[in-house]
Amino acid sequence: GYSLNLAAFFYDYKDLQIQSFTGTTIIPTNAASARIFGVEFDGSVDLGSSLTARGGVTWMPKADFRSFPNAAGYRPVITAGGLPSVVADVSGQRLVRAPKVSAVASVTYTGRVGSGDLTITPSVHYSSQFLPYDAFDLLVQGAYARVAAEIAYKPDNSGLRLALWVHNLTNAKSFSSTTISAGAARATYEEPREFGITVGYDF
């Protein structure tokens, strides 16, 4: 069997509030207007032989400031005094945290091994390039794909579950948070490649 959900969306914002960091405090700034439209879908399909695939994609070809003449930020230039502040017109620029394409996908295999169930699940999360903080291109998150996988075994008539897993198999570089001030542009990254074992028991 299979399932599929498809949706289109359109947002037309007036007086959209954007936060700017002055170096000591965060202040709200009103962008005159912004517009977003795109499509998204998610679904699953039974591939037979104990395989199930799931996935979803969001495509936003348009996510721009229609008018933002008084955007406050910092220029991507390093001077003796740090990063120079700027107030500029960024109308037409891409909204922050708005990749054109983002997607998730996974495949799950479930089968019998001995007297228990074996489950194997690889997965991937993809994002195209986006601006994580402001519209001045000071920090840019490049496109990335984070790959993960889990192999789990659950014996019959037992609450025991054993799992081997890996997160961020390709060691992709993606921001978890960013902060920009007059002193510096800082970025904190998501965890690098990790391997682990999980032992669980349901009583």
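In this report, the structure presented in the accompanying data block is examined. (Residues numbered from 1 in each chain as written. Predicted model: local features only at pLDDT ≥ 70, side-chain atom pairs only at ≥ 80, totals over all residues. Heavy atoms only, no water.)

1. Concerning the overall build of the protein chain
If you tally the helices and strands in the protein chain, you get zero helices and 12 strands. Element order for the protein chain, N to C, with α for helix and β for strand: β-β-β-β-β-β-β-β-β-β-β-β. Against the globule reference of 17 Å for 203 residues, the protein chain gives a C-alpha radius of gyration of 22 Å, more extended than a compact globule. Principal-axis analysis of the C-alpha atoms gives the protein chain an extent of 65 × 40 × 30 Å. The buried share of the protein chain, taken over its 203 residues, is 32%. Sequence separation of at least 24 residues holds for 59% of the intrachain contacts in the protein chain that already meet a minimum separation of 6. Of the roughly 12,000 Å² of accessible surface on the protein chain, 57% is carried by carbon and sulfur atoms. Averaged over its 16 positive side-chain charges, the protein chain has a centre that lies 5 Å from the centre of its 16 negative ones. (Helix = DSSP H or I, 4+ residues; strand = E, 2+ residues; numbered from the N terminus. Rg over C-alpha atoms; globule rule 2.2 N^0.38 Å. Buried < 20%, exposed > 50% of the residue type's maximum accessible area, 1.4 Å probe, protein only. Contact = heavy atoms within 4.5 Å. Areas by Shrake-Rupley, 256 points an atom, 1.4 Å probe, with all protein chains shown as cover. Lys, Arg positive; Asp, Glu negative; His and termini not counted. Charge placed at Lys NZ, Arg CZ, Asp CG, Glu CD.)

2. Structural notes on the nonpolar core
Core analysis: the largest hydrophobic core is formed by 17 residues, its most contacted members being Leu16, Phe65, Phe68, Val90 and Leu95. Secondary structure elements with two or more residues in this core: strand 1 (2-21), strand 2 (26-48) and strand 3 (51-67). Among the nonpolar cores identified, the runner-up in size contains six residues, and Tyr74, Leu83, Tyr133 and Ile180 belong to it. (Core = buried A, V, L, I, M, F, W, Y, C linked by side-chain atoms within 4.5 Å.)

3. Considerations on the packing of aromatic side chains
The tally for this structure, following the rule as stated, stands at five aromatic pairs. On the numbers, 5.9 Å between centres and 40° between planes, the contact of phenylalanine 9 with tyrosine 11 is tilted. In this structure an aromatic cluster arises from ring pairing among Phe9, Tyr11 and Tyr13. (Phe/Tyr/Trp six-rings, centres within 6.5 Å; stacked < 30°, edge-to-face > 60°.)

4. Considering the environment of phenylalanine 65
Position of phenylalanine 65 relative to the elements: it lies in strand 3. When the C-alpha positions of phenylalanine 65 and serine 174 are compared, they lie 24 Å apart, and in sequence the two are 109 residues distant. Other than its neighbours up to four places away in sequence, phenylalanine 65 contacts Leu16, Ile18, Ala31, Ser33, Ala34, Val90, Ser91, Gly92, Gln93, Arg94, Leu95 and Ala135.

5. Observations regarding the environment of aspartate 156
Within the element layout of this structure, aspartate 156 appears in the loop between strand 8 (144-155) and strand 9 (160-167). Assessed through its relative accessible area of 31%, aspartate 156 is described here as partly exposed. For the pair aspartate 156 and serine 102, spaced 54 residues apart in sequence, the C-alpha separation works out to 38 Å. Ignoring any residue separated from it by four or fewer positions in sequence, one finds aspartate 156 in contact with Arg112, Ser115 and Gly116. Here arginine 112 takes part through its side chain, which lies 2.5 Å from a polar atom of the side chain of aspartate 156. (Polar contact = N/O pair within 3.5 Å; in protein donor to acceptor, adjacent residues only side chain to side chain.)

6. Some points on a nonpolar patch on the surface
Nonpolar side chains collect at one region of the surface, where Tyr109, Ile120, Ile151, Leu162, Leu164, Ile197 and Val199 lie side by side and expose about 630 Å² of accessible area between them. One can find leucine 164 in strand 9. Leucine 164 gets classed as partly exposed once you look at its relative accessible area, which sits at 49%. (Patch = residues over 30% accessible without salt bridge, like charges linked within 9 Å, V, L, I, M, F, W, Y side chains within 5 Å. Salt bridge = Lys/Arg side-chain N within 4 Å of Asp/Glu carboxyl O.)

7. Section: the pattern of salt bridges
If charged atoms from side chains of opposite charge come close, those side chains can pair. Within the structure shown, the criterion is met by six salt bridges. In this structure, the salt-bridge partner of lysine 62 is aspartate 64, at a minimum N-O distance of 3.0 Å. For lysine 62, a relative accessible area of 32% translates into the label partly exposed. What emerges from the salt-bridge pattern is a single network uniting Asp12, Arg35 and Arg66.

8. A look at the pairing of strand 6 (residues 101-113)
When strand 3 meets strand 6, the two strands line up antiparallel, connected through nine bridges. Paired with tryptophan 59 across the bridge in strand 6 is valine 101. Sheet topology places strand 6 next to strand 7 (residues 116-127); 10 bridges connect them, and they run antiparallel. Bridging from a neighbouring strand, valine 104 pairs with histidine 125 of strand 7. Taking the residues that link successive antiparallel strands as the turn, the strand 6-strand 7 hairpin has two residues, and the phi of glycine 114 there is positive, at about 60°. (Pairing = 2+ DSSP bridges.)

9. Remarks on the pairing of strand 7
Bridging between strand 7 and strand 8 involves 12 bridges; their strand directions are antiparallel. What sits directly across from threonine 121, in strand 8, is glutamate 150.

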